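Structural overview
This is what each chain is made of:
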Amino acid sequence: MNATPGGAVDRGALVLDRRLGQGGQGVVHRVANLRINQAAADGGWDVVYKEYAPALLPDLDAAALTAMVDLLDELSGDEGRWLCEKTAWPAAVVRKEGQVSGFLMRAAPDRFRFDFRSLSGAGSGTRRLANLEFLLNDDAYTAGIGLTVGERDRLLLLADLAGTLDRLHRIGIGVGDLSPKNLLLATTGPPECFLIDCDAMRLRGASVLPQAETPDWQLPAGEEKATPAGDVHKFALLAVRLIARDQVTTDPAALTALSPDLGELARRSLDPAPARRPSPAEWAECLRAAAPTVPTASAAPPADPASDGAISDGAPAPQGRSKSSFVAPVVFVVLVLVLLAVMIVRSRGAGDHAEGPGTTRPPTPSPTSASPTRTPGPVTTTPTPTPTFDPRSLDSAQTDRTPLTARALLPASFTDSKGVTYTRNSGSTGDCPDDSMTENLRAALRKAGCDKQVVGTYIDANARIAVAVWVIPLPDAQAADQGKQALAEFSITDWSLWCPTTGPGSQLCDRGTDIRSATQSGYRRSDHRYLLQSRAIYINLTTDSSAEEWTNAAAYAAITEAGP
């Protein structure tokens with residue numbers, strides 16, 4: 001490989017293997033011609049490459065990314081090895097034609113994967129990342145897909161994460177977007193977490209890209225993001241929800257039932273005043289003390305899938321747990337230096353988000369219808385920082401430069417909280433409102449300033465649920481917020497159902513098809529100057545209310561992934 005200025009890796013020297021994931025920030029590939037720390041007891045680490053979407057590059061702070069890569073040069077050998085075992089830390093900056101295009105990182109260790117079982121029996125046995133989001137479902141579902149995690153292990157997982165947060169904060173790292181989508185759990189060995197999407201973290205006050213938050217995991221309005229106190233607030237949400245098996249609750253009752261002390265910690269951590277929140281170290285101590293007092297309960301057996309074909313397969317959300325060995329400090333340094341010599345670049349062992357890059361998460365939507373080792377190397381040059389993107393530019397049509405296209409405003413695919421992956425099969429830009437909407441809805445949209453809209457449709461792999469998403473640009477953020485409030489009186493059935501022209505889902509738009517009584521869900525939200533609406537419906541038009549949890553999950557995930 002050839003080095004580029006500043007010790008970065010040249011994009012053209014990478015031999016890319018299969019694509020591991022794609023999201024709003026870019027694409028993640030496995031790298032075929034590179035391993036890190038090959039002489040380690042575990043055979044070394046696979047390397048993955050995250051390539052940022054071209055639209056993000058003007059907003060990317062290259063100096064902040066380089067500082068992340070250089071952090072391991074500054075840490076002691078023990079601290080650097082610990083960081084590489086616990087997180088997907090950026091290992092090397094990658095440049096293409098002289099410009100930063102992405103970075104290298106260690107692939108997630110195999111102990112943070114599991115053999116995913118589909119509840120329907122299709123696609124079972126595939127090896128997937130064990131995202132912590134799986135554990136926010138009931139025990140029957142979790143056991144059904146191949147994960148059995150009792151109460152004691154849940155507390156030990158949280159204790160490990162609290163200890164990790166405490167150490168990261170002492171290094172000067174704020175996680176920021178701390179949510180189960182960015183956490184893996186080990187499925188072998190002791191309960192342990194692994195943090196991914198580390199380029200979204202904040203190091204000593206600097207961020208590679210503007211800080212974003214996952215819906216339902218936001219800080220109180222106006223609070224600074226990616227601070228130690230903010231991480232504690234989100235950690236408390238995770239603790240409350242992990243024990244309650246619930247994705248949105250903020251009630252610590254279930255946690256309190258296990259341990260009154262933990263319940264009190266949760267209440268203090270959710271205090272709107274950051275200064276009154278406890279430290280991660282206090283959480284870790286209390287969790288370790290409570291764990292031996294609770295039973296190692298097993299999850300309940302999986303429930304039978306619905307007879308009408310409720311979706312039961314798909315891709316996982318983030319999870320993690322367990323440790324792998326490291327070579328001794330001196331050997332570790334020598335191995336990496338040998339790697340550096342072969343590559344003629346600095347390569348660092350880090351973690352990875354191997355199943356796909358992080359995506360920017362918009363504000364929480366509201367329901368609108370029925371249920372919803374590296375070792376250090378000297379820094380030779382410092383890249384010139386690129387201008388920082390100002391998210392406020394998205395608040396007005398006068399400053400927003402986002403193209404009004406499906407590619408810019410709709411994800412190619414998304415995965416919901418049930419682990420189901422949906423792929424976009426159509427997307428277009430057209431006039432707003434459209435004639436198939438009810439007259440009252442059209443009038444309300446015209447009053448809000450609606451002129452154009454981008455609409456996309458999605459289908460899951462088993463062709464059971466169809467999802468439509470509308471992204472409507474309005475003059476400014478105030479108009480979008482007012483529009484969202486004005487549309488609260490309308491049902492999801494007031495919106496037209498868009499369908500692909502051919503293939504699964506197209507039959508929903510056949511002449512004479514009555515879809516009003518079918519099980520379906522929708523969400524609405526505003527994001528900067530954009531008004532967004534989603535609608536999910538079973539293609540077989542089932543009226544079974546038990547199917548609502550699946551349409552809820554699909555409609556919610558669709559609207560959180562869409563937008564600028």
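The structure we're discussing is the one just above.
What comes next concerns the included structure.

Thresholds, definitions, all that
- Residues numbered from 1 in each chain as written.
- Predicted model: local features only at pLDDT ≥ 70, side-chain atom pairs only at ≥ 80, totals over all residues.
- Heavy atoms only, no water.
- Helix = DSSP H or I, 4+ residues; strand = E, 2+ residues; numbered from the N terminus.
- Buried < 20%, exposed > 50% of the residue type's maximum accessible area, 1.4 Å probe, protein only.
- Areas by Shrake-Rupley, 256 points an atom, 1.4 Å probe, with all protein chains shown as cover.
- Core = buried A, V, L, I, M, F, W, Y, C linked by side-chain atoms within 4.5 Å.
- Contact = heavy atoms within 4.5 Å.
- Disulfide = S-S within 2.5 Å.
- Pairing = 2+ DSSP bridges.
- 1 Å grid on protein atoms, 1.4 Å probe; cavity = no way out; pocket = protein on both sides within 12 Å on 5 of 7 lines; lining within 4 Å.
- Points joined across faces, edges and corners; volume = space filled by probe spheres on them.
- Nonpolar A, V, L, I, M, F, W, Y, C, P; charged D, E, K, R; others polar.
- Phe/Tyr/Trp six-rings, centres within 6.5 Å; stacked < 30°, edge-to-face > 60°.
- Lys NZ or Arg CZ within 6 Å of the ring centre and 35° of its normal.
- Axes fitted to C-alpha atoms, helices over the stretch in contact; angles between N-to-C directions.
- Parallel < 35°, antiparallel > 145°, perpendicular 65-115°, else oblique.

1. What to know about the overall build of the protein chain
Counting its secondary structure elements, the protein chain contains 13 helices and 21 strands. Taken over 564 residues, the protein chain has a buried fraction of 58%. With the model as given, the accessible surface of the protein chain reaches about 21500 Å², and the carbon-plus-sulfur share is 52%.

2. Here we look at the nonpolar core
Judged by nonpolar contacts, the single largest core of 121 residues is most densely connected at Leu104, Trp283 and Val467. Filtering out sequence-adjacent residues up to four positions away, Leu104 remains in contact with Val9, Leu14, Val31, Leu34, Val47, Val48, Tyr49, Pro90, Ala91, Ala92 and Val94. Ranked by size, the runner-up nonpolar core spans 19 residues in total, among them Cys432, Leu441, Ala444 and Trp470.

3. Digging into the state of the cysteines
Counted by the stated rule, this structure contains 1 disulfide. Covalently, Cys432 is tied to Cys450 through a disulfide, its sulfur atoms 1.5 Å apart. Of the two residues, Cys432 sits in the loop between β17 (421-431) and α11 (439-448) while Cys450 sits in the loop between α11 and β18 (452-460), which places them 18 residues apart along the sequence. An identical accessibility class is assigned to Cys432 and Cys450; each is buried.

4. Here we look at unusual backbone geometry
The linkage connecting Cys432 with the following residue, Pro433, adopts the cis geometry, with an omega of 0 degrees. Here Glu97, not a glycine, exhibits a phi torsion of approximately 55 degrees, which is positive. Here Glu97 lies in the loop between β6 (92-96) and β7 (99-106). What makes Glu97 exposed here is its relative accessible area of 74%.

5. Concerning the pairing of β7
Across the 8 residues of β7, 7 count as buried, placing the element largely inside the fold. Examined bridge by bridge, strand β5 (residues 45-52) and β7 share 5 bridges and lie antiparallel to one another. Considered in β7, the bridge of Glu51 is made with Gly102. As paired elements, β6 and β7 share 5 bridges and run antiparallel to each other. Following the sheet pairing, Lys96 is matched in β7 by Gln99. Between β6 and β7, which pair antiparallel and follow one another directly, the connecting turn spans 2 residues, one of which, Glu97, has a positive phi of 55 degrees.

6. Some thoughts on the environment of Leu132
With respect to the helices, strands and loops of the structure, Leu132 is situated in the loop between β9 (126-129) and α3 (139-145). For the pair Leu132 and Leu185, spaced 53 residues apart in sequence, the C-alpha separation works out to 6.1 Å.

7. A few points about empty space enclosed by the protein
Approximately 60 Å³ is the volume attributed to the second largest cavity. Lining the second largest cavity are Val175, Asp177, Leu178, Ser179, Asn182, Leu183, Leu195, Ile196, Asp197, Ala200 and Met201. Here the residues of the lining of the second largest cavity are counted per class, giving 7 nonpolar, 2 polar and 2 charged.

8. Focus on the environment of Phe490
Here Phe490 is to be found in the loop between α12 (477-486) and β20 (520-527). Here the alpha-carbon distance between Phe490 and Ala444, two residues 46 residues apart in the chain, equals 9.6 Å.

9. Observations regarding the environment of Leu136
In this structure, Leu136 sits in the loop between β9 and α3. Owing to a relative accessible area of 3%, Leu136 belongs among the buried residues under this scheme.

10. Side note on helix α2 (residues 77-86)
The buried fraction of α2 is high, at 8 of 10 residues. Along α2, the residues classified as buried are Glu79, Gly80, Arg81, Trp82, Leu83, Cys84, Glu85 and Lys86.

11. Brief notes about the packing of aromatic side chains
Taken as a whole and assessed by the stated rule, the structure comprises 9 aromatic pairs. Aromatic side chains Tyr52 and Phe103 sit 6.1 Å apart centroid to centroid with 50 degrees between the ring planes, which places their arrangement in the tilted category. Highlighted residues: Tyr52 in strand β5 and Phe103 in strand β7, separated in sequence by 51 residues. Grouping aromatic residues by their ring pairs yields a cluster made of Phe114, Phe116 and Phe134. The side chain of Arg241 reaches across the aromatic face of Trp217, ending 4.4 Å from its centre.

12. A short note on the sheet that holds strand β13 (residues 202-203)
Read across the sheet, 3 strands follow the order β10-β13-β14 without closing on themselves; strand pairing throughout is antiparallel. Of all the strands in the sheet, just β10 (173-174) and β14 (206-207) have a single pairing partner and so form its edges. Across 2 bridges, β10 lies against β13 in antiparallel orientation. Looking at β13, one finds that Ile173 is bridged to Leu203.

13. So, the packing of helix α4 (residues 151-171) against helix α5 (residues 228-244)
At their nearest, the axes of α4 and α5 sit 11 Å apart, and the two run at 175 degrees to each other. By the angle between their directions, the pair α4 and α5 is classed as roughly antiparallel. In contact with Glu151, Arg154, Leu155, Leu158, Leu161, Ala162, Leu165 and His169 of α4, α5 contributes Pro228, Asp231, Phe235, Leu238, Ala239, Leu242 and Ile243. Across the contact of α4 with α5, the residue classes tally to 11 nonpolar, 1 polar and 3 charged.

14. Here we look at the pairing of β6
Of all 5 residues that make up β6, 4 are buried, and the element is covered over most of its length. Where strand β2 (residues 8-10) meets β6, 2 bridges bridge the pair, whose relative direction is parallel. Within β6, the residue paired with Asp10 across the bridge is Arg95.

15. Here we look at the packing of α5 against helix α8 (residues 280-290)
To describe two helices that pack against each other, one gives the angle between their axes and the distance between the axes. The contact between α5 and α8 brings their axes to 10 Å, and the two run at 25 degrees. Between α5 and α8, the angle is such that the two are roughly parallel. Each of Val232, Phe235, Ala236 and Ala239 in α5 lies in contact with α8, whose residues at this interface are Pro280, Trp283 and Leu287. In the contact of α5 with α8, the residues fall into 7 nonpolar, no polar and no charged.

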